[in-house]
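# Structural features, examined
Single-letter residue listing:
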Amino acid sequence: MESSSYIISTERLGLRRWIESDYDPFIELNRDTDVMKFFPKPLTPEETLHMIKRIGLAFEQNGYGLFAVEKRSTQEFIGFAGFARPSFESYFTPCVEIGWRFKKEAWGNGYATEAAIACLNYGFQTLHFDRILSFTSLLNGRSEKVMQRIGLTKIGEFDHPNIDPAHALCRHVVYGLEG
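Residues numbered from 1 in each chain as written. Predicted model: local features only at pLDDT ≥ 70, side-chain atom pairs only at ≥ 80, totals over all residues. Heavy atoms only, no water.

### So, the packing of aromatic side chains
Under the definition given, this model contains 16 aromatic pairs. Geometrically, the ring pair formed by F88 and F158 is stacked, given 5.9 Å between the ring centres and 20 degrees between the ring planes. Taken together, the residues F88 in the loop between β4 (76-84) and β5 (97-102) and F158 in strand β7 (residues 153-159) connect sequence positions 70 residues apart. Across this residue pair, the class does not change: F88 and F158 are buried. A cation over a ring is seen here: R101 above F39, with NZ or CZ 4.4 Å from the ring centre. (Phe/Tyr/Trp six-rings, centres within 6.5 Å; stacked < 30°, edge-to-face > 60°. Helix = DSSP H or I, 4+ residues; strand = E, 2+ residues; numbered from the N terminus. Buried < 20%, exposed > 50% of the residue type's maximum accessible area, 1.4 Å probe, protein only. Lys NZ or Arg CZ within 6 Å of the ring centre and 35° of its normal.)

Here it is, written out as structure tokens:
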């Protein structure tokens, strides 16, 4: 089984635009407290649907965005990976950020690394980005390890302006790679 709508394919994964059947599993993913541990809070269904709308707008405006990721063997939605433009200001913005989020059942299989490497290649070779950054809470060691595995180098740290300075998740690490 393979969808012809893949924008990026790897051996195991297909990355594509979002379809309506992704909405419910994405709502569940964003409600999972383990998945959302390094975010200020899990998202409500309404917040997730608003996020999907923003992702669609990013594709329309920029020609890229956060791709829905599915396992090619089953066409099961397992999360997202792709690009965004952060809306906050920091010493490294404006920039293109690579990010990912996968449902807990998909963890530990190398999917985030596989999808992120494919996105990096697409970003540099097809979209011609000069630089791609990624950032996460200092407490999120799993995502930081993915950043290292995909070849990004630590640039520094910052306090995320959209998170309360007293919150444990405020301090972030930022990694990057030049094209």
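### So, the pairing of strand β3 (residues 66-71)
Within β3, five of the six residues are buried, which leaves it mostly tucked inside the rest of the structure. Strand direction decides the pairing type here: β3 and β4, joined by six bridges, are antiparallel. Among the inter-strand pairings, V69 is bridged to a residue of β4, identified as G79. Turn length for the β3-β4 hairpin, with the two strands adjacent in sequence and antiparallel, is four residues, and the turn residue Q75 shows positive phi of about 60 degrees. (Pairing = 2+ DSSP bridges.)

### Some points on the nonpolar core
Burial of nonpolar side chains together is a common tendency in soluble globular proteins. Formed by 45 residues in total, the largest nonpolar core has its most connected members in L15, F83, I98, W100 and F102. Among the elements that line this core, the one with the most residues is helix α3 (residues 111-125), at nine residues. Beyond its immediate sequence surroundings of up to four residues, F102 is in contact with L29, V35, V69, I78, G79, F80, W107, Y111, A112 and A115. Core analysis: the next-biggest nonpolar cluster, separate from the first, contains seven residues, F88, F92, L133 and V174 among them. (Core = buried A, V, L, I, M, F, W, Y, C linked by side-chain atoms within 4.5 Å. Contact = heavy atoms within 4.5 Å.)

### Some points on the environment of G110
As for its position among the elements, G110 is in the loop between β5 and α3. Linking G110 and T44, residues 66 residues apart in sequence, is a C-alpha distance of 28 Å.

### Topic: the packing of helix α1 (residues 23-31) against helix α2 (residues 45-62)
At a closest axis distance of 9 Å, the pairing of α1 and α2 adopts a crossing angle of 120 degrees. Judged by the angle between their axes, α1 and α2 are oblique. Regarding α1 and α2, the two cross each other, and that crossing is right-handed. Within the contact between the two elements, α1 uses Y23, F26, I27, N30 and R31 and α2 uses P45, T48, L49, M51 and I52. Classifying every residue of the contact of α1 with α2 gives seven nonpolar, two polar and one charged. (Axes fitted to C-alpha atoms, helices over the stretch in contact; angles between N-to-C directions. Parallel < 35°, antiparallel > 145°, perpendicular 65-115°, else oblique. Left-handed = near helix turned anticlockwise from the far one by under 90°. Nonpolar A, V, L, I, M, F, W, Y, C, P; charged D, E, K, R; others polar.)

Purely geometric stuff here, so don't read any function into it on its own.
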